[in-house]
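Descriptive structure summary
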Amino acid sequence: MRRYRRRHVARIGLALLSFAAFLALWQGVVWLGDYPPFILPSPGAALKRLGDLLADGSLWFHARVTLREVLAGLGLGALVATLLGYGLGHSPLAERLLTPYIVASQSVPVVSIAPLLVIWFGTGLLSKVLVCALTVFFPILVNTVVGVRSVGRELRDLMQALEASRWQTVWLLEVPAALPVLLGGLKVGATLAVIGAVVGEFVASDRGLGYLLKQGQQLYDTSLVFVGIGALMVLAQSLYGVVALAERIVLRGRQDVMHG
Amino acid sequence: MILTVKRGTRGERGFVLFTLFLLAGLTACTSTANPTPQATHIRLPMGFVANVQFAPWYVAVERGYFAAEGIELEFDYSWETDGVRLVGAGELPFAIASGDQVLLARAQGLPVVTVVGWFRRFPVTVVALEGSGIQDPQDLVGRKVGVPETFGASYIGWRALAAAVGLEEQDVPLEVIGYTQLANLTEGRVDAAVVYANNEPVQLEQMGYDFTSISVADYATLVSNGLVTNEEMLQEHPELVRAFIRAFLRGLADTLDDPDGAFEVGRKYVEGLDENETGQRAVLEATILYWQGEPLGWSGLAAWQETEEVMLEAGLLSRPVEAEKAFTNDYLP
């Protein structure tokens, strides 16, 4: 237990040290290059801007807007991708028919569709949620297909021999078997969803971290841009962390079941 | 500051080498030929895609006005803010940018200065479809108005119009709709939209809609697009600045005198001009109205100060920026 705690403290210490080194390097570049703030603000200037935005509550306000879009988009995208992926995983014919279209759709940049979604679905939450959902759709779909296909033939035969119903096969065999791959897709999707939300906010919005970023660019406020980027990174990291944690818990539970 | 001097093509260099070789062989010949002056290559960020609205620039290049000044001009259709940043950082000598961008940039310490007031009237208007009951600014009270963003020329234009007619923020519910104004307007999602006067109204007309247009320029005097350079250029290369301005203003004068000729020149630069000739012709004609004003390229302190005031009120500027330092007419011919 003590050894675990020591390792944990060491890990946090290392993370803090690397962050301090990053700040020192950043400050060094500003000094050596003698850059004006509109090209590269100092860490101090960016941190001050961060402090101001935290103090007046605006960073939290914009982060909440983006988080709402991300969660809704991720949920919708994951739901549709999982359902479709399940179907494709079971039907080679459907896969042959639909895969070319699905793959082709991935070559279309979301940024080119986003303005159309705003026109079709309005400038509110829905269009941003749809941009997010489109962004996360493909990796989750692919992982679902792979996950469903990864269930061994012998296990299916066993379920059949036990006269398991369709739902029992899904819940007791396919979902647990596919879960590691599914959660892998969800981890990728969680980070991509943040990009989706920013793209949506770039097209038309007056709130959200993407809006904050755009405002910083438009007002030549590079410190604000840095704060926006930093906030998006924290958001993406947190989402990734939550899914990774869920993955660990689920997989540990699965191992416990398997090892009796 | 980078002023790249374009080197010859491989073929030209080969030809020069070959010629030098021949000259070296002819020892009897001791020619003292004058060296050909090399053109100064300048990349100009335009702030928008290739468009018929840039006709004066195309005319100035095609008719050799820049070449006559020893300038080889390259159009760079990049973002307006990127161009201003590059000019402010001394990486590029010139960019096309609106006056509000210059004030914002100066507020952040970028030493940029407008040297040509290209647009003499502010090209932003509020449009509403016929039947909406909107005829003048007071009719906008309680109606939903779409703006592309809460910064930029459209928003500043809206704020100036609202201030001029005494509309308070709570009087008119604004909705940020991006650059999808026409779709939102024709679908009835907004009652009116803030648009560029030389673009969307032309498109509405083409689509057969009847509409009302409330021009910001009728209510406020704001600065619009111009040619921007930096303070170092003004101090170190004033002659180049003058030469560049001279060449552009010749192109602008030609375009105002002969829009048909300018449109023809534009065909070479703007894709799709042939396919939508009527519409694009209309855009050029609508835009020309905003360039007219003597002397060409001049801009006045009152417009800069009014723009600064509007931006301060809107919270886009947090402190005054000395508007008189943001522009100069000293380099005009």
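What counts, and at which threshold
Residues numbered from 1 in each chain as written. Chains lettered and ligands numbered in written order. Predicted model: local features only at pLDDT ≥ 70, side-chain atom pairs only at ≥ 80, totals over all residues. Helix = DSSP H or I, 4+ residues; strand = E, 2+ residues; numbered from the N terminus. Buried ≥ 20, exposed ≤ 12 C-beta atoms within 10 Å, placed from the backbone. Contact = placed C-beta atoms within 7 Å. Nonpolar A, V, L, I, M, F, W, Y, C, P; charged D, E, K, R; others polar. Domains from an automatic or database assignment. Pairing = 2+ DSSP bridges. Axes fitted to C-alpha atoms, helices over the stretch in contact; angles between N-to-C directions. Core = buried A, V, L, I, M, F, W, Y, C linked by C-beta atoms within 7 Å. Parallel < 35°, antiparallel > 145°, perpendicular 65-115°, else oblique. Left-handed = near helix turned anticlockwise from the far one by under 90°. pLDDT = per-residue confidence, 0-100.

This part is about the overall build of chain B. Helix and strand counts for chain B stand at 13 helices and 10 strands. For chain B, buried positions account for 48% of its 333 residues. Contacts spanning at least 24 positions in sequence make up 82% of the contacts within chain B whose residues lie at least 6 apart.

For the rest of this paragraph, the subject is the interface of chain B and chain A. Every contact between the two is made by 20 residues of chain B and, on the other side, 19 residues of chain A. Among the elements of the structure, α4 (80-88), α5 (99-107) and β7 (174-176) of chain B are those that each provide at least two residues to the side of chain B that touches chain A. Element by element, the count of residues in the side of chain B that touches chain A is highest for α4(B), at 3 residues. Here the side of chain B that touches chain A is composed, by residue class, of 9 nonpolar, 8 polar and 3 charged.

All right, on to the domain arrangement of chain B then. Frequently, the measure chosen for interface size is the accessible area that the parts lose on association. Residues and elements named next belong to chain B. On domain assignment, one finds that chain B holds domain 1 (40-121 + 223-325) and domain 2 (124-218). Counting from both sides, the interface comprises 17 residues of domain 1 and, opposite them, 12 residues of domain 2. Looking at the side of domain 1 that touches domain 2, the elements with two or more residues in it are α12 (277-291) and α13 (301-314). Here the side of domain 1 that touches domain 2 is composed, by residue class, of 8 nonpolar, 6 polar and 3 charged.

With that settled, consider the sheet that holds strand β8 (residues 192-196) of chain B. Residue and element names in this part refer to chain B. In spatial order, the strands read β7-β6-β8-β5-β9; together these 5 strands make up an open sheet with mixed pairing. The sheet terminates laterally at β7 and β9 (211-215), the two strands that pair on one side only. Sheet twist, expressed as the average angle between the axes of neighbouring strands with direction ignored, equals 30°. Along the sheet, helix α6 (residues 152-165) makes contact with β5 (124-129), β6 (145-147) and β8, crossing β5 at roughly 80°.

Residue and element names in this part refer to chain B. The strand order across the open sheet built from 3 strands is β3-β10-β4, with neighbouring strands paired in antiparallel fashion. One side of each edge strand has no neighbouring strand; the edge strands of this open sheet are β3 (95-98) and β4 (112-117). Taken over all neighbouring pairs, the strand axes of this sheet differ in orientation by 50° on average, direction set aside.

Let us now look at the nonpolar core. Ranked by size, the top nonpolar core spans 154 residues in total, and within it A95(B), V228(B) and F248(B) carry the most contacts. Sort the elements by how many residues they give to this core and helix α6 (residues 125-149) of chain A lands first, with 13 residues. With residues up to four places along the chain from it excluded, the contact list for V228(B) reads V84(B), V87(B), F94(B), A95(B), A97(B), V102(B), V112(B), V113(B) and T114(B).

Omega for the peptide link from E294(B) to P295(B) comes to -10°, which places this bond in the cis form. Along the chain, the position of P295(B) falls in the loop between α12 and α13. Of note, the phi angle at D34(A) is positive, near 50°, even though the residue is not glycine. On the basis of neighbour counts, which here come to 8 C-beta atoms within 10 Å, the residue D34(A) falls in the exposed class.

Residues and elements named next belong to chain B. At a minimum axis separation of 7 Å, helix α2 (residues 55-62) and helix α10 (residues 238-257) run at an interaxial angle of 110°. The orientation of α2 with respect to α10, classified from their angle, is roughly perpendicular. Remark: the crossing between α2 and α10 carries right-handed chirality. Where α2 approaches α10, its residues A55, P56, W57, V59 and A60 are matched on the opposing element by A247, F248, R250, G251, L252, D254 and T255.

A few words now on the environment of G228(A). Residue and element names in this part refer to chain A. Its location among the elements puts G228 in helix α10 (residues 222-258). The exposure class of G228 is buried, given the 28 C-beta atoms found within 10 Å. Ignoring sequence-local partners within four residues, the contact set of G228 consists of L209, L212, L213 and G216.

With that settled, the discussion passes to the packing of helix α3 (residues 58-90) of chain A against helix α8 (residues 166-203) of chain A. Residue and element names in this part refer to chain A. Packing of α3 against α8 brings their axes to within 9 Å, and their N-to-C directions diverge by 125°. Taken together, the axes of α3 and α8 lie oblique to each other. Pair α3 / α8 crosses with right-handed handedness. Contacts between α3 and α8 involve T66, E69, V70, G73, L74, G77 and A78 from the former and L186, G189, A190, A193, V194, G196, A197 and G200 from the latter. Taken together, the residues of the contact of α3 with α8 break down into 8 nonpolar, 6 polar and 1 charged.

Here we take up the pairing of strand β1 (residues 40-47) of chain B. All names here are of chain B. With 7 of 8 residues buried, β1 lies mostly within the body of the structure. Bridge count for β1 against strand β2 (residues 71-79) is 7 bridges, and the pairing is parallel. Across the sheet, I42 pairs through a bridge with L73, a residue of β2.

Parts of the prediction with low pLDDT should not have their coordinates interpreted in detail. Residues and elements named next belong to chain B. Summarising the model, chain B shows a mean pLDDT of 88, and 89% of its residues fall at 70 or more. Between residues 1-35, whose pLDDT stays under 50, and residues either more than four places distant or in other chains, the model counts 20 contacts. Reported confidences for the modelled complex are a pTM of 0.80 and an ipTM of 0.74.

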